[in-house]
Amino acid sequence: MFLKFKHAVESVLEKALDSTGYPTDNLRIEESAHADLASSVSFGLASQYRENPAVIAKKIADAIMIPADSLIGKVDVSGPYINFSASKQFLEGAVHAILGEKEFHGADNKTSAGTGTETETGSARGKVIIEHTSANPNGPLHVGHIRNSVIGDTLSRVLKKAGYEVEIQYYVNDMGRQIAIVAWALDRFEFDRQKKSDHAIADVYIRANLELGEDPDLVGEIDALMQRIETGDEEMVTRFSDATDLAIAGITSTLERMNVHHDLFVHESEFVRSGEVNNFVQELVERGLVETVDGALMVPMPELGKDLVIRRSDQTSLYVTRDLAYHRRKAEACDRVIDVLGADHKLISSQLCHVLSACGIQEPEIVIFEFVSLPEGSMSTRAGKFITTDELLDQIEKQAFLEVTKRRPNESEDFRNRVATEVGIGAVRYDIVKVSPEKATTFDWKSALDFDKLGAPFIQYSHARACSILEKADHANESIDLALLTGDAEIALIKELARFEYVIDSAARELKPHVIAIYARELAEAFNQFYRLMPVLSAPRDLRNARVGLVECARIVLADVLDVLGIAAPESM
RNA sequence: GGGCCCGUGGCUUAGCCAGGAUAUAGCGCCGGCCUUCUAAGCCGGACGUCUCGGGUUCGAAUCCCGACGGGUCCGCCA
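Position labels on residues start from 1 in each chain and follow its written sequence. Chains carry letters and ligands carry numbers; both start at the beginning, A for chains and 1 for ligands, and go up in the order they are written. Note on the predicted model: pLDDT of at least 70 is required for a residue's local features to be given, and 80 or more for side-chain atom pairs to be given and counted; whole-chain, interface and lining totals, by contrast, use all residues. Derived side-chain values reflect all non-hydrogen atoms in the structure, with water molecules and hydrogen atoms excluded from consideration.

**A word on the overall build of chain A**
Then step 1. When helices and strands are tallied, chain A shows 21 helices and 14 strands.
Then step 2. With the C-alpha coordinates aligned to their principal axes, the bounding extent of chain A is approximately 80 × 70 × 45 Å.
Then step 3. The contact criterion used throughout is that any non-hydrogen atoms of two residues lie within 4.5 Å. Put simply, of all contacts in chain A between residues at least 6 apart along the chain, 74% involve residues at least 24 apart. In this text, helices come from DSSP runs of H or I with a minimum length of four residues, and strands from runs of E with a minimum of two, each type numbered from the N-terminal end.

Here it is as structure tokens:
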């Protein structure tokens, strides 16, 4: 509804500018504390026409014609600003749109699932392949990896909500040097079957790296393994895939716990076996993009200041070579290719894009996030310096259980366990997604387990409050007179609800998941203010019905926004 | 040394790309509100040279240049 409102504002403003003879291509429409939307177009015109901006604003506003039944209710001028406010039609339309779409929930409609996603035409916008997490299978996910998972998973959900068909992929490194080390280590050291498999893999991997560091002669053994895997040596293929499977099994169970899902696990080795890697290298040779230096093939990249090796002098391929083949396959299969990558991949991914572009292949949209470090420095799987996600989830659930027990001491242990899980996982996800990806963060236990500061329970609590009212209201399907909702808190809540689809749309376009987190908080805030000021159940009958309808809207959108964040929406907590 | 990112109250953080009306919110701090739909809530208050210095502009947290501080990358690793 908000998008439509914005379009309506653009339309009337454009007409008024035409009729007053102030053509401009920049309407300067912005969100504002003083109106639902405002335009500061007069400033630009003022310098252009050497007139007082307030005078221009007045002239334009006087020329604005608002059609009957418009979503725009009122236009007024405040100095140089032209302020637009939403109409009764907007408010009622917003409520009906949310209530009306309730029937679609659970119907698995692939087009504009959910609340008010009235973007585009309602048909799917196209297919997107998003790759995220893709952590090396040499150990468990640590608290840095899950920043990738949470950003990627939230974006996937945003894109689905915005009407895209989404396929989520995990790119499994099953033939790189690290995996050769794991395979080598599994032969050399005992594998602890009592432990979660990804943790046990890390144990032998860390030990192997220690030995390799002490005795550099052993490095030759790793090189030998890598040459054998490159030629498709069967024993080696089995050893490598056994090793990666063990780690991936542990990793997926952690992701499952976090409510993060992948549709497809794509293995690097596929691209070597299928010949796609060789074909790609061959194509680069034919296009004259490569040079041979000391027996290795490289693509010169003077503009990036760093040439890119795509085949070693021993003829084996590199990570980036396989990744090129992978990206070609993805580009051919969808409309948008999205990669979520850590900041350390900046250079290599711009090199990758460079090559893809030279070959006329669609480049991926890359979402880069900065590192999560520990107070004592950066994390390293190889050195065993990391905090695992499993450990964090265990701790947060334990802490959450104490918090639930403190507040609901009389509930069953079962109830408290369930809520603790929902609140704990939600808190972890929210805490990660709320900060914009380009901000480097430092993990510390005190703040990670601080439920006074964590944001998810606040939003979940609002949802639970809405559910509680609805349960007591016994939901008679009576007609609702929305004209009765005239309180500031009611109107503010409706406007906030109407922004949902707009927020989804911009998050999907700009690939910024944290705006969803911010919006969720603001929506919960608006609902809590309404809750405090506007009694629902004790209100006179018609007003009560109208407010119950509004609470139902809030419940739907709160559940929707929590779903987009991958956070559970408890009915009671 | 070069590239990229970040620098907003004691701490964390939004806004910056598309410059405009009193700079966002949380934690912490001070003070109110549970005989009323779950107080994981609501309301009020204190706390800011938006790192610093120039520049562009009627107007700069936002754009440009230069410092400074922090992170990160610069492998025939991934």
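**What to know about the protein's contact with RNA strand B**
Then step 1. Any residue with a heavy atom positioned within 4 Å of a molecule or strand is treated as near that molecule or strand. Around RNA strand B, a shell composed of 66 residues is seen, among which Phe43, Tyr81, Asn173, Ser468 and Tyr531 lie nearest.
Then step 2. The sugar and phosphate moieties of RNA strand B supply 64% of its atoms located within 4 Å of the protein.
Then step 3. Polar contact is defined as a pair of N or O atoms within 3.5 Å, subject to the rule that within protein one atom must be able to donate a hydrogen and the other to accept it, and that residues adjacent in sequence are counted only when both atoms are side-chain atoms. At 3.2 Å from a sugar or linking oxygen of RNA strand B is found a main-chain nitrogen or oxygen belonging to Glu438.
Then step 4. Contacts to RNA strand B include Glu510, whose side-chain N or O atom sits 3.3 Å from a base nitrogen.
Then step 5. Counted by class, the surface near RNA strand B contains 24 nonpolar, 18 polar and 24 charged residues. Gly is placed with the polar residues, together with every amino acid not listed as nonpolar (Ala, Val, Leu, Ile, Met, Phe, Trp, Tyr, Cys and Pro) or charged (Asp, Glu, Lys and Arg).

**Focus: the domain arrangement of chain A**
Then step 1. As assigned here, chain A comprises domain 1 (2-86), domain 2 (127-143 + 171-373) and domain 3 (389-564).
Then step 2. Each domain's extent was defined by an automatic or database domain assignment. Just the C-alpha atoms count here: the centres of domain 1 and domain 2 sit 53 Å apart.

**Some points on the confidence of the model for chain A**
For residues with low pLDDT, the predicted coordinates do not support detailed interpretation.
Then step 1. Values of pLDDT, the confidence the predictor places in each residue, fall between 0 and 100. Across chain A, pLDDT averages 91, with 95% of residues at or above 70.
Then step 2. Taken together, the stretch residues 103-123 has pLDDT below 50 and engages in 40 contacts with residues farther than four places along the chain or on a different chain.
Then step 3. Across the predicted assembly, pTM comes out at 0.94 and ipTM at 0.95.

**Description of empty space enclosed by the protein**
The gaps of empty space that remain are located by a probe, the size of a water molecule, rolled over the atoms.
Then step 1. In this analysis, the protein atoms alone were mapped onto a 1 Å grid. Cavities are point sets where a 1.4 Å probe fits without being able to get out; pockets are open sets with protein on both sides within 12 Å along at least five of seven lines; lining residues have an atom within 4 Å of a point. Grid points are joined across faces, edges and corners, and a volume is the space filled by probe spheres set on the points. Tallied over the entire structure, the rule returns two cavities of 30 Å³ or more.
Then step 2. Put simply, the largest cavity is a space of about 90 Å³.
Then step 3. Tyr319, Asp323, Leu341, His345 and Ser349 are the residues nearest the centre of the largest cavity, which is lined by 13 residues in total.
Then step 4. Considering every element that reaches the lining of the largest cavity, the biggest residue donor is helix α12 (residues 319-333), with four residues.
Then step 5. Split into classes, the residues belonging to the lining of the largest cavity amount to seven nonpolar, three polar and three charged.

**Description of the nonpolar core**
In summary, soluble globular proteins display a tendency toward joint burial of nonpolar side chains.
Then step 1. Membership of the largest hydrophobic core comes to 133 residues, with the highest contact counts inside it found for Phe5 and Ile60.
Then step 2. Here this core takes twelve residues from helix α21 (residues 541-564), the largest share from any one element.
Then step 3. Each residue touching Ile60, except ones within four places of it in the same chain, is listed here: Leu13, Ala16, Leu17, Thr20, Tyr22, Val41, Leu45 and Ile82.
Then step 4. Only buried residues count toward a nonpolar core, which is a set of Ala, Val, Leu, Ile, Met, Phe, Trp, Tyr and Cys residues joined through side-chain atoms within 4.5 Å. Think of it in three bands: with a 1.4 Å probe and only protein chains considered, a residue is buried below 20% of the maximum accessible area for its type, exposed above 50%, and partly exposed in between. If you look at the next biggest cluster of nonpolar residues, it comprises 32 residues, including Tyr171, Val182, Ile201 and Leu225.

**Thoughts on the layout of surface pockets**
Then step 1. Approximately 1,200 Å³ is the volume found for the largest pocket.
Then step 2. What lines the largest pocket is a set of 42 residues, among which Asn136, His145, Gln178, Asp344 and His345 lie closest to the centre.
Then step 3. Of all the elements in the fold, those that place two or more residues in the lining of the largest pocket are α5 (145-161), β6 (165-172), α6 (177-188), α7 (197-214), β10 (308-311), α12 and β11 (336-342).

**What about helix α4 (residues 88-100)?**
Then step 1. Taking 1.5 Å per residue, 13 residues should reach 18 Å; α4 reaches 18 Å between its end C-alpha atoms and fits that length.
Then step 2. The complete set of buried residues in α4 reads Phe90, Leu91, Ala94, Val95, Ile98 and Leu99. Seen end-on, α4 carries its buried residues on one side only, within an arc spanning 160 degrees. The span expected for a helix works out to 1.5 Å for each residue beyond the first. This arc is taken over the directions from the axis of the helix to the C-beta atoms.

**A short note on the environment of Leu3**
Then step 1. Note on placement: Leu3 falls in helix α1 (residues 2-20).
Then step 2. A relative accessible area of 12% means that Leu3 is categorised as buried.
Then step 3. Each C-alpha atom of the pair Leu3 and Asp198 lies 46 Å from the other, and the pair is 195 residues apart in sequence.

**Looking at the side chain of Asn83**
Then step 1. Residue placement: Asn83 occurs in strand β4 (residues 81-86).
Then step 2. For Asn83, a relative accessible area of 8% puts it in the buried group.
Then step 3. Setting aside anything within four residues of it in sequence, one finds Asn83 in contact with His34, Ala35, Leu37, Ala38, Lys74, Val75, Asp76 and Ser78.

**Brief notes about the packing of aromatic side chains**
Then step 1. Here a Phe, Tyr or Trp ring, Trp counted by its six-membered ring, pairs with any other such ring whose centre lies within 6.5 Å, and the pair is stacked when the planes are under 30 degrees apart, edge-to-face when over 60, and tilted otherwise. Summed over all chains, the structure comprises 14 aromatic pairs.
Then step 2. Relative to Tyr326, the ring of Tyr171 has its centre 4.0 Å away and its plane inclined at 10 degrees; by these criteria the two rings are stacked. Highlighted residues: Tyr171 in strand β6 and Tyr326 in helix α12, separated in sequence by 155 residues. One exposure class covers both Tyr171 and Tyr326, and it is buried.
Then step 3. With a centroid separation of 5.9 Å and 35 degrees between ring planes, the pair formed by Phe500 and Tyr519 is classed as tilted. Note that Phe500 is positioned in helix α19 (residues 500-510) and Tyr519 in helix α20 (residues 514-533), a separation of 19 residues in sequence.
Then step 4. Put simply, the rings of Phe2, Phe5, Phe90 and Tyr502 pair up and form one aromatic cluster.
Then step 5. Only when the NZ of Lys or the CZ of Arg is both within 6 Å of the ring centre and within 35 degrees of the ring normal is a charge said to sit over the ring. Positioned above the aromatic ring of Tyr531 is the side chain of Arg465, whose terminal nitrogen or guanidinium carbon lies 3.9 Å from the ring centre.

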